[in-house]
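# Structure assessment
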Amino acid sequence: MKPFKKLKQAITWVETRNKFSPKKDLLRISSALLKMNLTNDFKKIHIAGTNGKGSTASFISNILVKNGLRVGTFTSPYLIRFNERIKMNMVEISDDKLLDYLNYMYLFNQEFISSFGESLVFFEIMTLISLKYFNDMKCDVVVMEVGIGGLLDATNILNYDLSIITNIGFDHMKQLGNSLEEIAENKLGIIKEKNHLITYVDKSLFDLFKESIDKKHASVHFLSSEKYNIISFNPLKFLYKGVDYEISLKGDFQVKNAILSINAVSYLYPDIRSDIIKGGLLEAKNPGRFEVIANNPITIIDGAHNIHGIEALVEGLRNYTDKKISVIFCALRDKNPQTMINKLKTISDNIVITDFKDPRVMNVLELVINDPSLTYINGINKAYKYVKSSSDLSDIILITGSIHFIGYVKKKLKVKMQKTSTI
């Protein structure tokens, strides 16, 4: 008998599992994977990094689908639908299949508790569901995005054909450490013996990376030293190694994610054609990242959720200095929201603070009391109406600060979107 008849019940079960469980190794999930007896007979790509993981996963997956392969993609978190985490050829797992796999994992977990003595936690369950689904769907290649860090992340139980570290910045310091070096060492934990790594980390971390790579007898391709030229911003086109590419994702920071993806697919599939790569890059989508959701005025949502992401977002918006930019902001309290706000002030003198229902949301009153330049408006619809009333049609309204906040915005904010964007 199935434990859950409705998907909502099953999702509630998995979402109420422990999110973070203190651990010194991956023995629990490794034991569970062994017990599941999956073949996982597909190429595997592992993506870690502070920001850009989702965009890079989308670029790579779309290119490989374009190349005629069966591609599984596991990402987190989701914006609107829980199913977004697990995709086959960029199509979300269906409600029926997700319910089946959650029922399977519920029963599996009950048996696992009896044999191992511990329950699997939320992200371990979701990682195992994705691997079983990809195994059952007979994927040719799987793209797995790290949840947090790398070394002790549940996705780090496989021996990957290729590892990617997009960049290193300050985020999840409680779990990963308070310095870039500590955070980098944790993310470098994804490197396996004789593995290959492609990365866009800053040159200041090269020596640390080389030391870790040498210990594993692995190889590394640093992209930070390579040159590219942005040809235009709208549409976003760039020239790399003599080939011109166009991407639909906005924000010039996406160029680096695209270059990571070009090198990733070329490493695993050296004979892949440039027109396949071009087509995949152009078709890639990553909702909630520099996404234009309305015009007149132009309204952009972006899930920048840490200072590193905000810095990249701000740099991308400097290309639009001819426009007045207003900001609607909300973040989680552990992301150092004041530092993020201070960076946003370099492009905007009109920052409105709002909130949403999440126990981790920042202390709104404390922020506004300490910073009189901020305006607080309760609720996204009221905040958007307030900002829009003081904006010209050619202005930009930016909504940012948290992936969870952006997911809430997409559900709640009612805006009219024209067919073409003017940014």
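Quick summary incoming for the structure in this document. (Residues numbered from 1 in each chain as written. Predicted model: local features only at pLDDT ≥ 70, side-chain atom pairs only at ≥ 80, totals over all residues. Heavy atoms only, no water.)

### Overview of the pairing of strand 14 (residues 325-329)
Here is the key point about a regular strand: its side chains alternate between the two faces of the sheet. Judged by how many residues are buried, strand 14 sits mostly within the fold: 5 of 5 residues are covered. Neither face of strand 14 is open: one carries I325, V327 and F329, the other S326 and I328, and all of them are buried. Across 5 bridges, the pairing between strand 14 and strand 17 (residues 396-400) is parallel. Of the residues in strand 17, the one forming a bridge with I325 is I396. Where strand 14 and strand 15 (residues 351-353) come together, 3 bridges link them in parallel fashion. Paired with F329 across the two strands is I353, which belongs to strand 15. Considered for its hand, the β-α-β crossover made up of strand 14, helix 12 (residues 337-344) and strand 15 is right-handed. (Buried < 20%, exposed > 50% of the residue type's maximum accessible area, 1.4 Å probe, protein only. Helix = DSSP H or I, 4+ residues; strand = E, 2+ residues; numbered from the N terminus. Pairing = 2+ DSSP bridges. Right-handed = clockwise from strand over helix to strand, strands pointing away.)

### Let's talk about the packing of helix 1 (residues 7-15) against helix 4 (residues 95-116)
Relative orientation of the contacting elements helix 1 and helix 4 amounts to 45 degrees, with a least axis distance of 9 Å. Looking at the two axes, helix 1 sits oblique to helix 4. Between helix 1 and helix 4 lies a crossing of left-handed hand. Of the residues in helix 4, those in contact with L7, A10, I11, W13 and V14 of helix 1 are D95, L98, L99, L102, M105, Y106 and N109. Taken together, the residues that form the contact of helix 1 with helix 4 break down as 10 nonpolar, 1 polar and 1 charged. (Axes fitted to C-alpha atoms, helices over the stretch in contact; angles between N-to-C directions. Parallel < 35°, antiparallel > 145°, perpendicular 65-115°, else oblique. Left-handed = near helix turned anticlockwise from the far one by under 90°. Contact = heavy atoms within 4.5 Å. Nonpolar A, V, L, I, M, F, W, Y, C, P; charged D, E, K, R; others polar.)

### Quick word on the nonpolar core
Ranked by size, the top nonpolar core spans 48 residues in total, and within it L317, I328, F329, I399 and F405 carry the most contacts. Filtering out sequence-adjacent residues up to four positions away, I399 remains in contact with T299, I300, I301, D302, I328, I380, Y384, F405, I406, V409 and L413. Residues L26, F74, I86 and C139 belong to the second largest nonpolar core, which totals 42 residues. (Core = buried A, V, L, I, M, F, W, Y, C linked by side-chain atoms within 4.5 Å.)

### Looking at empty space enclosed by the protein
Evaluation of the coordinates by the stated rule reveals 1 cavity of 30 Å³ or more. Taken as a whole, the largest cavity holds about 70 Å³ of empty space. Together, 10 residues line the largest cavity, and F233, K250, G251, D252 and Y320 are the ones closest to its centre. Among the residues forming the lining of the largest cavity, the class breakdown is 5 nonpolar, 3 polar and 2 charged. (1 Å grid on protein atoms, 1.4 Å probe; cavity = no way out; pocket = protein on both sides within 12 Å on 5 of 7 lines; lining within 4 Å. Points joined across faces, edges and corners; volume = space filled by probe spheres on them.)

### Describing the pattern of salt bridges
Under the criterion given, the structure shown has 14 salt bridges. For D100, the salt bridge identified is with K2, shortest N-O distance 3.1 Å. Taken together, the residues span a long stretch of sequence, with D100 in helix 4 and K2 in the segment before helix 1 at a distance of 98 residues. A salt bridge links K66 to E283, with the nearest nitrogen and oxygen atoms 2.5 Å apart. Highlighted residues: K66 in helix 3 (residues 53-66) and E283 in helix 10 (residues 274-283), separated in sequence by 217 residues. Sharing partners across several salt bridges, the network here consists of R28, E118 and E124. (Salt bridge = Lys/Arg side-chain N within 4 Å of Asp/Glu carboxyl O.)

### Quick notes on the sheet that holds strand 12 (residues 291-294)
The pairing of strands in a sheet happens through backbone hydrogen bonds and is either parallel or antiparallel. Taken in spatial order, the 6 strands line up as 12-13-17-14-15-16 in an open sheet, and their pairing is mixed. Two strands close off the open sheet at either side, each with one partner strand: strand 12 and strand 16 (375-376). Judged from the 5 bridges that link them, strand 13 (residues 298-302) and strand 17 form a sheet pairing that is parallel. Pairing of D302 across the sheet is with T400, part of strand 17.

### Brief notes about unusual backbone geometry
A negative phi angle characterises most non-glycine residues, just as the trans form characterises most peptide bonds. In this chain, S76 is followed by P77 through a cis amide linkage whose omega measures -10 degrees. As for its position among the elements, P77 is in the loop between strand 2 (71-74) and strand 3 (86-88). Here the bond from N234 into P235 is cis, since omega is 5 degrees, no more than 30 degrees from zero. In this structure, N37 takes a positive phi of about 55 degrees despite not being glycine. On the secondary structure map, N37 appears in the loop between helix 2 (27-36) and strand 1 (43-48). For N37, a relative accessible area of 66% corresponds to the exposed category. In this model, N296 sits at a positive phi of 55 degrees, which is unusual for a non-glycine residue. Mapped onto the elements, N296 comes out in the loop between strand 12 and strand 13. The class for N296 is partly exposed, based on a relative accessible area of 34%.

Worth remembering: the numbers are spatial, not functional.
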